[in-house]
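Structural overview for review
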Amino acid sequence: MFKGFKDFLMRGNVVDLAVAVVIGSAFTAIVTAFTNGLIKPLISTIGGTDAAKGLGYQIFDNNEATFLDFGNVINAVINFVLVAAVVYFVIVLPVKHVQERRKRGQEPGPAEPTDVELLIEIRDLLRAQAQRDNGRG
């Protein structure tokens, strides 16, 4: 049971996925700090109905919960694009190139017998066993 679990964990794509999740999480924090600290203030300077809140629109003046915050949506989109670009260019492309190099270097292994060859071998073994059994009796 533990061998199967170990084999599952040691498969290349499981380890790659774990590394990608950890690196992606760490990098997301950096990108979020960048967009919240630098990009969002720039977006907020564009303003809306209330420049202190940033780019957005207050539907009802007397209800703070009705503020449509376009700046946060734009910030989240920029965040996503930056994280996706880094994951693609830093993780996906290099791994793809490594896999292509490995494929080029692989040679085909020994050819396995075909189904017909296996069936012929089984038939011959059964025939030989039947002849031995008939010789005894």
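Structure: see above.
Looking now at a nonpolar patch on the surface. On the surface, a cluster of nonpolar side chains totalling about 560 Å² of accessible area is made up of Tyr57, Ile59, Phe60, Leu68, Phe70 and Ile74. A relative accessible area of 34% places Ile74 in the partly exposed class.

Compared with an ideal rise of 1.5 Å per residue, which puts 36 residues at 52 Å, helix α3 (residues 70–105) spans 51 Å between its outermost C-alpha atoms and is within 8% of the ideal. Where α3 bends most, the angle comes to about 35 degrees, and this point is Tyr88. If you check which residues of α3 are buried, you get Gly71, Asn75, Asn79, Val83 and Ile91. Here α3 starts with a cap whose side-chain oxygen sits 3.3 Å from the backbone nitrogen of Gly71, and that cap is Asp69.

Further remarks concern the packing of aromatic side chains. In total, this model carries one aromatic pair according to the counting rule given. Centre to centre, the rings of Tyr88 and Phe89 are 5.1 Å apart; their planes meet at 80 degrees, and the pair counts as edge-to-face.

Our next topic: the environment of Ile43. On the secondary structure map, Ile43 appears in helix α2 (residues 12–46). Using a relative accessible area of 8% as the deciding quantity, one classes Ile43 as buried. Separated by 11 residues in sequence, Ile43 and Gly54 place their C-alpha atoms 6.9 Å apart. Apart from residues lying up to four places away in sequence, Ile43 is in contact with Leu55, Gly71, Ile74, Asn75 and Ile78.

The next subject is the side chain of Asn79. Relative to the helices and strands, Asn79 is located in helix α3. There is a polar contact of 3.2 Å between the side chain of Asn79 and the side chain of Thr32. Residues within four places of Asn79 in sequence aside, it is in contact with Val31, Thr32 and Thr35.

Now for the pattern of salt bridges. The final tally for this structure, using the stated rule, is one salt bridge. Salt-bridge contacts for Arg123 lead to Asp124; the nearest nitrogen and oxygen are separated by 3.1 Å. Judged by its relative accessible area of 43%, Arg123 falls in the partly exposed class. Among the residues examined, Asp124 registers a relative accessible area of 36% and is labelled partly exposed.

The topology assignment puts Ile91 in helix α3. Linking Ile91 and Gly24, residues 67 residues apart in sequence, is a C-alpha distance of 9.6 Å. Apart from the residues within four sequence positions on either side, Ile91 is in contact with Ala20, Ile23 and Val86.

Basis of the calculations
- Residues numbered from 1 in each chain as written.
- Predicted model: local features only at pLDDT ≥ 70, side-chain atom pairs only at ≥ 80, totals over all residues.
- Heavy atoms only, no water.
- Patch = residues over 30% accessible without salt bridge, like charges linked within 9 Å, V, L, I, M, F, W, Y side chains within 5 Å.
- Areas by Shrake-Rupley, 256 points an atom, 1.4 Å probe, with all protein chains shown as cover.
- Salt bridge = Lys/Arg side-chain N within 4 Å of Asp/Glu carboxyl O.
- Buried < 20%, exposed > 50% of the residue type's maximum accessible area, 1.4 Å probe, protein only.
- Helix = DSSP H or I, 4+ residues; strand = E, 2+ residues; numbered from the N terminus.
- Expected span 1.5 Å × (residues − 1).
- Bend = angle between axes of the 7 residues up to and from the residue.
- Polar contact = N/O pair within 3.5 Å; in protein donor to acceptor, adjacent residues only side chain to side chain.
- Phe/Tyr/Trp six-rings, centres within 6.5 Å; stacked < 30°, edge-to-face > 60°.
- Contact = heavy atoms within 4.5 Å.

Remember that the coordinates give geometry; whether it matters functionally is a separate question.
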